[in-house]
Every structure is written in structure tokens, then in C-alpha cells.
Amino acid sequence: MGCCGCEEDSTRQWKPIEQRSCTDILWLLILILFCIGMVVICGFAIASGAAQRLVYGYDTYGNICGQKNVKVEGEKWSGLDQTNNKYVFFLDPCDLDVTAFKIRSKALCVAKCPATDLNTLSDIYNFAKENGTKLCDYSLDVEKYKTPNQNLCPKLPVKASKPIPFFHRCIPAGSRCFEKFIKALTNFISDNSVLQRVITGVMTSKEIIVGLCFLSLALSMLLMVVIRYISRVLVWILAILTILCSIGGTAVLWWLYVAQKNAVKEKSAEDQDVGEDNVKALLVYAIVATVVTVILLLLMLIMRKRVALTIALFNVAGKVFVEMPLLVFQPLWTFIALALFWVYWVAVLLLLGTAGYPERKDDGNVEFRMSGPLQYTWIYHLVGLIWISEFILACQQMTVAGAVVTYYFTRDKRNIPGIPILSSICRLIRYHLGTVAKGSFIITLVKIPRLILMYVHNQLKGKENAVAKCMLKACICCLWCLEKCLMYLNRNAYVATAINSTNFCTSAKDALLILVENALRVASINTVGDFVLFLGKVLIVLITGFIGILLLNHQRDYTVWVLPLIIVCLFAFFVSHCFLSTYEMVVDVLFLCFAVDSKNNDGSPGREYYMDKSLMEFMDNSRKAMRSVDARGAEMKPMASGAENA
């Protein structure tokens, strides 16, 4: 055994084996222990009363609403019985700390939220008499409510409020607090007029945004069908449509820019602000679209000669999805698993925010804080977010790899054994969870320093000198490149594990040797395949964005519609990426299997190819092309020697 678990004998038959063994058991145990640690953190937060404080809330003096409380040392009004007072009421709910996302107002536990507006102190007094709910500080007797007490009674007028679902906080139903929050936020970014117009644009265009999002979903599903049935012409269709959409979209943006610029000159002074914002945005969009179009044209020109194998490989990938239709739904299960984990993670994070022990601050308020090593549990929790998320994504990659390997190395493609996707999931759970855990942890080790550097860069923005700024950006860029390389190597390592049932280090080494031996061929195939799928994503974004421009352009006179367009385009890319990422993984697995098959077999008896007929045709055509090149070279040598003798 090597230092990292690699086996000394790296000779492989590269054929799926039935008698498998568990791989990287130690890393599976480490992952289990890490998950137990996350559960312990969650249990501590709940046991310390964080769940009750999060759901029911607590007042300024440390009393949890809706239950009996323990006395806090040094605080007179703590330890009260608040069993009947189940709601948190803020004396001034609009006293917001925008930067810290906190309400600075004094909080009290009350039995009932005011259902109607209370405009005077007499109204507050009558509300207390009729409902038995005291809205002023505990230290103030009800009979003194009519006397002005600015710090002890709520700020007038008190708007009608109702508790938030699942969280017992009284939130005013009026718009005063919302408007004040927006104002504070706009003051924070020093441009309230622009932000208000942007928000207006999003709210006004919400129906169009939803419709365009569903359009992108339909286009993604349609593209999957197109990939299956016309894979031989798909590359050319995508290339031509992408070029046409790029050129057309760029031309439309420049036309809209000129039209909008001319329209602004004819508007009144008060209506020119919105128009000028759109003119600037359209100019930026037009320039970016022009640059992207030029780059796409250059890439298409460079890669036009490497299409033949891509067409054959896409044809095989289409057959894979026909034989294993459950592959289409794999991103859905992964998304559900990620969503459930993220909900759990956010819930525990909120619990940690209210966990700990009561601590009296200088301003007299009581807050719950953790002390000692416990205050750093959020770091452990953050590492868990990255590692477990990468683990879930790696499980999808291993599942897809196992299913595609089963298909590829079955000689009679009409008799695929069982349900490959379910068999692959079973093999993953039974044998290879440790390998997935180790691979995802390596990605986590690279991702965490990059995120830390990005955080430091953002915190020091405007303060660091030029040299430090360049060094930080260089480090971030290097770590990003390393992360992408490791992710690609991990995917191929999972393929090797799915075939040979070897541990992560051995699989990564074997896969790397195969990739290095076939560097030019595999790199070109992988580049073209990923590029074609990228064109598919770009095409969906372009079509969605083009239709969005036509629909949202009607609102240019009274709202800023560029942000809704950005939201729609981002969502379109996200949806298309979710669908095509599985296809991309299938193509990557087929690339490695093709390289292994062409290395270990030559088509002779006993060493027949496993590959599909379309790939065999490509191999035959490649060999004929190579023979013709060699023949031409042999003819040129005698001619060259004759010329020298002459």
C-alpha cells in the first residue's frame, strides 16, 4: 500500500468486475464522524434553548416568550413567567440596523398583537384594559400609560400587526417599515432613485419573468429530445443557430441603443432619468454581446475540423439516454437532496445564532451568546456545508459513471442487465461511498482557501495597495484553476473506480495515466464536447433573452427593465446547466471508456471492441486517413531523395 492508499500493482484489465470490495473505508468513517459532529452541534443548539428562542423569540430582558424563565444575574426583569405572553412586540419595529440585519428596538412579550391601529396613548391604555395586553415596558404600570413615556411605550402610531407564520413576532401590516427599510438600504448604497426604479421594474415585470423562466425550462427539455433524435446534425444546428442568435441579438441591442438614445432626447426632463439608465445599460450589453459574438466566431473557426468524433460520441450518448431514461431525472434527485440539506443547514445556522448563554450588554439588553470554543462551531458548520454539498454532487457523478460504464462495456447493447442506474446507486452505497467522500474532501480543501481569499479581498477593497490586490487576485485565480482541474480528475477517477473497484488514489492515478497517454485526442474530444454543450446552454439563454428583450422593451418608458432581463438569463442558464450537466457527465465517461477501449483492444478475435458501431466506424475512418497520410509520406520521400541527387 502506498502512502495515500494506492496499490503497488497498477496493472488493470479495465473491465467492470462483479466481485467488488469496499474502497476508502477510512474516509467513510471520517465522513460519518464529521456528520455526527454536525448533529451534535445541532443537538447542542436545541438543548440550549435555541430552538425555542428562534421560534418564540425573547424580550430585551432575556425572557423567552410563551414559557417560564430562569433569572438572569444582574437583570431585574428577567425570570418572568411569560406562559400567556406568546408573541414578541417591538416598541419601534422600524428602528433597523441595516448593516447587521437586526432590529434595535426594545422587545416585549405580549399576549396579543394589536389588530387595529393605535394612534394615541389612550388607545394603548384602552387596549391594555380590554385585552389584558401590556404594550409598554414591564416597569410601567397600566395606569401611567396616558403619561408620555418615550422610552417605555411604543412609538406612535402603532400599526395593526399580526404574527409571522411559525415565528411569534408581531409585524406591522402597514408599509411604513418596509419603506423605511428600503430608504435605509438605498442610503447605504447612496442611490435611492435607481434602486427604487429597479425594484419597480422587477415587480412590474414579474409575470413576464415567470413566463420566460418556464420558457427556458421547456427549451432545455426540447434540447434533450433534439440531442437524442438528431445528434448527427446537432453540432451544426447548434453552431449555426448560436452564430445567428449571437449576431441577431447583438444587432438588436445596438438598434435598441440607438433608438433609446434618440427617444431620450425627445422626453421631458423628469422622464429622462429612467431613459438614461436604460441607454447606459444597453450600451454595456451591446459591447459585451459584440465581444462574445467575436469570440464565438473565432472558436467555431478553430474547432470546425474536430467535429466527426463529437458527432459519433453524441450519437452514442443519445442511445445511452434511450436505454437508461432514469438518467434524465438524476439532476432532480440531486437537487432535492441538496435542497433538503441546505434547508437543514440554514435551520441549524439560525439555531446557532440564538444559542448560548444570556449576556447583559452595555445598553441593558440581554442577548444569548456562546463563549469559549463553542463560539467557533459556525466554522465547523460552514465546512460541513461545502463538504456535504460536494459529496452529494460527487454521488451523482459516481452514479452516472457506473450506469454509463455498464452500458459501454456490455457487448450486446440490446441486452443491458437490469436497471443500470439503480444498480449503480446500489454499488455506490455498498462499496464506494468512501471514495466519493475522499474525492469531495479534496475539492473542499481547495475551495475553502479560495473562499477565504475572496472574503479577504472583498473586506480590503479600496484599502490594499496595487501589489497586494494583484497577489490576491492571482492566488484566487490559481486556486480556481486548480479546483477545476481536480474536479475533472475526480470525475475520471470515479469512472476508474466504477470499472476496476479501486480506491480513490489508485483510480485517480490510473485515470491520469490514460488521459496523459491520450492527451491530444482526449483533450480535443473533451473540449469539443463540452463546447457543444456550452453552445446549447448559450443558445437557450440567447433565445430566452431575445424574447425577453422584445417583451420587456415595451416597458422602457416607465421602468428599468434591464434587471428583470438579467434575472431571466441567469435562471435560463441555471436550468439548462442542470439538464445538460448530466449529458456532459455522460460524454466525459464515454470519452474515458473510449480511450481505454481503443488502448486495450484492436478489434481482433479475443480483443474485440466494446464501443458502439458509430465509434467503430470513426475508428475505421481514422485508420484509413492515417494510412493515406503514411502512404503520401512514403511517396514524398523518394521524390525528395531524387531531388537531392539531382
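Residues numbered from 1 in each chain as written. Predicted model: local features only at pLDDT ≥ 70, side-chain atom pairs only at ≥ 80, totals over all residues. Heavy atoms only, no water.

Draft legend 1. The overall build of the chain, seen in detail. Within the chain, the secondary structure is distributed over 17 helices and eight strands. Within the chain, buried positions represent 45% of all 646 residues. The contacts in the chain between residues at least 6 apart in sequence include a share of 71% that link residues at least 24 apart. (Helix = DSSP H or I, 4+ residues; strand = E, 2+ residues; numbered from the N terminus. Buried < 20%, exposed > 50% of the residue type's maximum accessible area, 1.4 Å probe, protein only. Contact = heavy atoms within 4.5 Å.)

Draft legend 2. The state of the cysteines, seen in detail. Here the structure, examined in full by the defined rule, presents three disulfides. Here cysteine 65 is linked by a disulfide to cysteine 109, with a sulfur-sulfur distance of 2.0 Å. Because the torsion about its S-S bond is -85 degrees, the bridge between cysteine 65 and cysteine 109 counts as left-handed. Placement of cysteine 65 in the loop between α2 (50-56) and β1 (87-90) and of cysteine 109 in strand β4 (residues 107-110) is noted, with a sequence separation of 44 residues between them. With a relative accessible area of 1%, cysteine 65 lands in the buried category. Note that cysteine 113 is cross-linked by a disulfide to cysteine 170, the S-S spacing being 1.8 Å. The sign of the -75 degrees torsion about the S-S bond sets the cysteine 113-cysteine 170 disulfide as left-handed. In this pair, cysteine 113 is assigned in the loop between β4 and α3 (121-131) and cysteine 170 in strand β6 (residues 167-172), connecting sequence segments 57 residues apart. Residue cysteine 113 is classed as buried on the basis of its relative accessible area of 7%. Residue class for cysteine 170 comes out buried when judged on its relative accessible area of 3%. As a non-bridged cysteine, cysteine 475 has cysteine 478 as the owner of its nearest cysteine sulfur, 6.6 Å distant. Assessed through its relative accessible area of 38%, cysteine 475 is described here as partly exposed. (Disulfide = S-S within 2.5 Å.)

Draft legend 3. Molecular detail of the packing of helix α1 (residues 25-47) against helix α11 (residues 377-408). Packing of α1 against α11 brings their axes to within 10 Å, and their N-to-C directions diverge by 135 degrees. Judged by the inter-axis angle, α1 sits oblique to α11. As α1 runs across α11, the sense of the crossing is left-handed. Where α1 approaches α11, its residues Ile30, Leu31, Leu33, Phe34, Cys35, Gly37, Met38 and Ile41 are matched on the opposing element by Thr377, Tyr380, His381, Val383, Gly384, Trp387, Ile388 and Phe391. The residue makeup of the contact of α1 with α11, split by class, is 12 nonpolar, four polar and no charged. (Axes fitted to C-alpha atoms, helices over the stretch in contact; angles between N-to-C directions. Parallel < 35°, antiparallel > 145°, perpendicular 65-115°, else oblique. Left-handed = near helix turned anticlockwise from the far one by under 90°. Nonpolar A, V, L, I, M, F, W, Y, C, P; charged D, E, K, R; others polar.)

Draft legend 4. Quick look at the nonpolar core. Counting 47 residues, the largest nonpolar core has Leu327, Val405, Tyr408, Val495, Val586, Val589 and Cys593 as its most contacted members. Counting only elements with at least two residues in this core, the list comes to α6 (206-229), α9 (308-323), α11, α13 (466-500), α14 (504-517), α15 (519-552) and α16 (562-600). Sort the elements by how many residues they give to this core and α16 lands first, with 13 residues. Dropping the residues within four chain positions of it, leucine 327 is found in contact with Val320, Phe321, Val400, Ile421, Thr582 and Val586. Core analysis: the second largest hydrophobic core is formed by 26 residues, Phe90, Val110, Leu135 and Cys170 among them. (Core = buried A, V, L, I, M, F, W, Y, C linked by side-chain atoms within 4.5 Å.)

Draft legend 5. Structural context of α14. Here α14 is 14 residues long and its end C-alpha atoms lie 20 Å apart, about the 20 Å a rise of 1.5 Å per residue gives. Buried residues of α14: Phe504, Cys505, Thr506, Ser507, Ala508, Asp510, Ala511, Ile514 and Leu515, and no others. One side-chain oxygen of the residue at the start of α14 lies 3.4 Å from the amide nitrogen of cysteine 505, identifying that residue as asparagine 503. (Expected span 1.5 Å × (residues − 1). Polar contact = N/O pair within 3.5 Å; in protein donor to acceptor, adjacent residues only side chain to side chain.)

Draft legend 6. Seen up close, the pattern of salt bridges. Per the stated rule, a full pass over the model turns up five salt bridges. For glutamate 483, the salt bridge identified is with arginine 450, shortest N-O distance 2.9 Å. Here glutamate 483 is found in helix α13, whereas its partner arginine 450 is found in helix α12 (residues 420-459), with 33 residues between them in sequence. The buried category is assigned to glutamate 483, whose relative accessible area is 3%. Through salt bridges with shared partners, a single network forms among Glu390, Lys447, Arg450 and Glu483. (Salt bridge = Lys/Arg side-chain N within 4 Å of Asp/Glu carboxyl O.)

Draft legend 7. Examining α3 more closely. Turning to α3, its buried residues number three or more, namely Leu121, Ile124, Tyr125, Phe127 and Ala128. Buried residues along α3 cover an arc of 160 degrees about the axis, so they all sit on one side. Glycine 132 sits one or two positions beyond α3 and adopts a positive phi of about 70 degrees. (Arc of directions from axis to C-beta.)

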